[in-house]
Amino acid sequence: MQDLKTGHLLGASPRSQFYGQMIGSLASVFVSTAGYKFYTSVYTIPGPEFRVPSAGIWYAFSLLCFRS
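The model shown is predicted, which means the values in this text are computed figures rather than measured ones.

Draft legend 1. Focus on the overall build of the protein chain. A tally of helices and strands in the protein chain yields 3 helices and 0 strands. Element order for the protein chain, N to C, with α for helix and β for strand: α-α-α. Taking 2.2 N^0.38 as the reference for a compact globule, 68 residues should give roughly 11 Å; the C-alpha atoms of the protein chain span a radius of gyration of 21 Å, well beyond that estimate. The principal-axis extent of the C-alpha atoms belonging to the protein chain is close to 55 × 40 × 15 Å. For the protein chain, the proportion of its 68 residues judged to be buried stands at 4%. Carbon and sulfur atoms make up 69% of the accessible area of the protein chain, which amounts to about 6,400 Å² in all.

Written as structure tokens, this is what we have:
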């Protein structure tokens, strides 16, 4: 639903789709920031509960690929 075709099929004008995307983008900035602040106030990131396991995998992969 990233293009104008879905909006055309629903009968929405491109202008209203543009305004909807701008309003949604602006709202998501505040919602995601508030969610992150709330989440980090409860948990330590990275910490014992959330260790970021994929970081170790990518580190090992980079050593494997770029080792001469």
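Draft legend 2. Quick peek at the packing of aromatic side chains. One pass over the full model with this rule turns up 1 aromatic pair. When the centroid spacing of 5.9 Å and the interplanar angle of 55° are considered together, the rings of Phe18 and Tyr19 count as tilted.

Draft legend 3. Spatial organisation of a nonpolar patch on the surface. Where nonpolar side chains cluster on the molecular surface, the patch consists of Tyr36, Phe38, Tyr39, Val42, Tyr43 and Ile45 and spans about 620 Å² of accessible area. By the element assignment, Ile45 lies in the loop between α2 (14-42) and α3 (53-66). Looking at Ile45, the relative accessible area reads 38%, which means it is partly exposed.

Draft legend 4. Representation of the environment of Gly7. Inspection of the secondary structure puts Gly7 in helix α1 (residues 4-10). The exposure class assigned to Gly7 is buried, which follows from its relative accessible area of 7%. C-alpha of Gly7 to C-alpha of Gln17: the two residues are 10 residues apart in sequence and 7.1 Å apart in space. Those residues in contact with Gly7, other than ones at most four positions away along the chain, are Ala12 and Gln17.

Rules of the game
Residues numbered from 1 in each chain as written. Predicted model: local features only at pLDDT ≥ 70, side-chain atom pairs only at ≥ 80, totals over all residues. Heavy atoms only, no water. Helix = DSSP H or I, 4+ residues; strand = E, 2+ residues; numbered from the N terminus. Rg over C-alpha atoms; globule rule 2.2 N^0.38 Å. Buried < 20%, exposed > 50% of the residue type's maximum accessible area, 1.4 Å probe, protein only. Areas by Shrake-Rupley, 256 points an atom, 1.4 Å probe, with all protein chains shown as cover. Phe/Tyr/Trp six-rings, centres within 6.5 Å; stacked < 30°, edge-to-face > 60°. Patch = residues over 30% accessible without salt bridge, like charges linked within 9 Å, V, L, I, M, F, W, Y side chains within 5 Å. Salt bridge = Lys/Arg side-chain N within 4 Å of Asp/Glu carboxyl O. Contact = heavy atoms within 4.5 Å.

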